[in-house]
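Remarks on the overall topology
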Amino acid sequence: MKKLLLLAVCCIAISYCYAEDGYRLWLRYDKISNATIRQHYFQRLGSIHLPGNSATITLVKKELTTALSGLLANNIQFNQQGNFIVGTPSHIPEIKRYINNENLLALGSEGYMILAKKMNGNPHIIITANTDVALLYGVFNLIRLVQTNQSIDQLSITSIPKYKNRILNHWDNINRSVERGYAGISIWDWHKLPDYIDQRYIDYARANASIGINGTVLTNVNANAQFLTPVYLKKTAALADVFRPYGIKVYLTARFSAPIEIGGLKTADPLDADVQQWWKNKAKEIYQYIPDFGGFLVKANSEGQPGPQNYGRTHADGANMLADALAPFNGLVMWRAFVYDVRVQKANENFDSSSTVDHNAGDIASNDRFKQAYSEFKPLDGKFRNNVILQVKNGPIDFQPREPFSPLFGAMKATPLMMEFQVTQEYLGQATHLVFLPTLYKEILDADTYSNGKGSFVKEQLNGIAGVANIGNDRNWTGHPFHQSNWYGFGRLAWDPDLSSNTIAAEWIAQTFSNEAPFISTVTQMMLSSRETLVNYMTPLGLHHIMGNGHHYGPAPWSNNAPRADWNPVYYHKADKYGIGFNRTTSGTNALNQYAAQVRQQWEDSNSCSDEYILWFHHISWNHKMRSGKTLWEELCYRYNLGVDSVKAMQQQWNSVKKLVDEERSNQVTMLLNIQLKEAKWWRDACLSYFSSIAQLPIPPKYEQPEYSLEYYKSLQFPFAPGIGGHN
Ligand code: BDP
């Protein structure tokens, strides 16, 4: 009996150890099932020549050992005769005989080559680069090829990152809450740092290095000055020590009023000599703790954050002061362009949907949040120091399911720009909706700004990319198992924006779930259409910002009681009995004028503007004939229903392949898709009920009718929804 009990306990323990809890992300390294493939890889990669003993080389060795011994289920050898060669030309001068010097130089400090070459008549695989960190990137690429069962016999890869700065932004607070975080609390355990190094920090660095991310801003943009005090700088230094060998620099958010809050000064005026000196001293101090500190990310004069405008100074004055303090140490200032008028509009300026004014009439000409970042920053173009980058959100408003690209891209010809994407899904279903974001990122990166004629794509105008992280201390890091793909896809695109969403999805699936072809093709389809599906059930036809106030979870197109007019959904959709949409043409706010003429032309005529953007730029009547031949109202009803139907289709797709993966994640995804369907219906029903009441038009009977009354949807409250800030 006792023996049986012991056996049962052992079985439970073993199955617990092997449970697929998602912690390993895309770095799973389980044995490749096909013995022939395994054997082939082993012949090519099982014997490794890897000279050097830097901290980075040590972890390259460790990663190769874990990955290859796991995937190939065999013992990996390191020896000088190895036919898999990993090294810089300074480690292995012989490499120079096989690769021309110019090509090597072109790799810079982060690029690498992976080549299959005959050396002395024998096939070899060579990974080479100019630095150890670049070798690490190359090694992760090779591991990816093995994980996805690609042939390595004819390799001739040269890979150089497109952008120098590939950075995650954590909106993590000092008390470990995460603003707009939906995957638990912060992974930074400030309380136990610097003495306790959680294994997560190491695995976080591995995951980031595997996709080429080379920087991390540890702290929330709504910043806390305490992070700049010695107690916290020591903690940050401990993290920097962990990340350094992985090629990852740490950055902090700088609270503009820190000289007052922790420096005892009376002002934070950027033109005040004492303030300037304070930041210079602070920078010096930081670099004593962290010699390769990356620099500051700053949110200033935005949503109540302090900034130079508090002293009548410009954003350039503020950014340049910090830039001067960091310049001696090669530090960078990432100054955010996410600003909108500090003068809060009064509630009585709110939009009134029952008024008799036709909102096509341009009554709101001076009053459009869309225009504010451009209006503030365009005049400052060329006024920033060399070590300032302007960090611009992808769209003009705020990470909505679909936005046109920000008009600042293409407009700031003399200022380096950095893209800010949101990886965490504040406005895209938070923790529960399966949405694959690389399609959204690509739509923006591939958009043509025409700033320098046709082909002036957004991706060509950038010096860096930042992504607001979706990482928390949930066992699987991101809450929803599929949200790992957004972290992954963000990194892959930051390295190479020309990668297709399809490639990214397929390689992520193979590494994360299964190499089975039917699984990969079905799940790729689910992922690629998921973002359009969400747009349809949340904000079709260019609707935007119609979510609930504060928590941003769920629909609230009726909402009209926020302290600022431009926090209210009614301000953005302007639905009245005549029509719906925000007129941003010349007869409206003329925001379109912030774009190059060719861009403006593609959107300024409501008859030729594409369906995706029509309500972004036009207030059109409910009877407006759409491209499909339907009226606007019919089209809106159709799209909302299409969104819901597409979630049902995703469920079917998942059900058809889920047996090919482990039960644990298979069930998680099934449950999450059920929630997604429920919430897609909620969005559809709440929005259509409301718009139907304003338009005074019924939802056509061929569609499923709302489950509850409009009053019911309006009554829902979410005071404890996750991710709400305010505790920084
Ligand atoms: C908004 C978020 C808010 C952030 C802000 C920002 O709701 O929590 O602080 O963006 O980017 O979308 O600064």
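Residues numbered from 1 in each chain as written. Predicted model: local features only at pLDDT ≥ 70, side-chain atom pairs only at ≥ 80, totals over all residues. Heavy atoms only, no water.

**Focus on the sheet that holds strand β2 (residues 77–78)**
Ordered in space as β2-β1-β3-β5-β4-β6, the six strands form an open sheet in which the pairing is mixed. In this open sheet, the two strands that pair with only one neighbour each are β2 and β6 (156–159). By the bridge criterion, four bridges tie strand β4 (residues 112–119) to β6 in an arrangement that is antiparallel. Along β6, the bridge assignment pairs Leu115 with Ser156. Across the face of the sheet, helix α2 (residues 35–45) comes into contact with β1 (47–49), β3 (84–86) and β5 (122–129) while running at roughly 70° to β5. Along the sheet, helix α5 (residues 132–147) contacts β3, β4, β5 and β6; its crossing angle with β5, the most-contacted strand, is approximately 135°. (Pairing = 2+ DSSP bridges. Helix = DSSP H or I, 4+ residues; strand = E, 2+ residues; numbered from the N terminus. Contact = heavy atoms within 4.5 Å. Axes fitted to C-alpha atoms, helices over the stretch in contact; angles between N-to-C directions.)

**Overview of the site of the ligand**
Not every one of the 14 residues close to the ligand is listed here, only the nearest: Glu179, Lys299, Arg336, Asp398 and Glu426. In this structure, Asn222 approaches the ligand through a side-chain N or O atom, which is 3.0 Å from an oxygen atom. Contact distances for the ligand include 2.5 Å between an oxygen atom and a side-chain N or O atom of Glu426. Here the ligand has 320 Å² of accessible area as a free molecule, and 97% of this is covered by the chains. Looking at the shell around the ligand residue by residue, the classes come out as four nonpolar, two polar and eight charged. (Near = heavy atom within 4 Å. Polar contact = N/O pair within 3.5 Å; in protein donor to acceptor, adjacent residues only side chain to side chain. Areas by Shrake-Rupley, 256 points an atom, 1.4 Å probe, with all protein chains shown as cover. Nonpolar A, V, L, I, M, F, W, Y, C, P; charged D, E, K, R; others polar.)

**Let's talk about α2**
Of all the positions in α2, only Arg38, Tyr41, Phe42, Arg44 and Leu45 are classed as buried. Looking down the long axis of α2, one finds its buried residues gathered within 165° of arc, a one-sided arrangement. Tucked into the core, α2 has its buried residues touching β1, α3 (55–72), β3, β5 and α5. (Buried < 20%, exposed > 50% of the residue type's maximum accessible area, 1.4 Å probe, protein only. Arc of directions from axis to C-beta.)

**Section: unusual backbone geometry**
Pro194 follows Leu193 through a cis peptide bond whose omega is 5°. Within the fold, Pro194 resides in the loop between β7 (165–169) and α6 (199–211). Its identity is not glycine, yet Asn149 carries a phi of approximately 55°, on the positive side. On the accessibility criterion, Asn149 (30% relative accessible area) is partly exposed.

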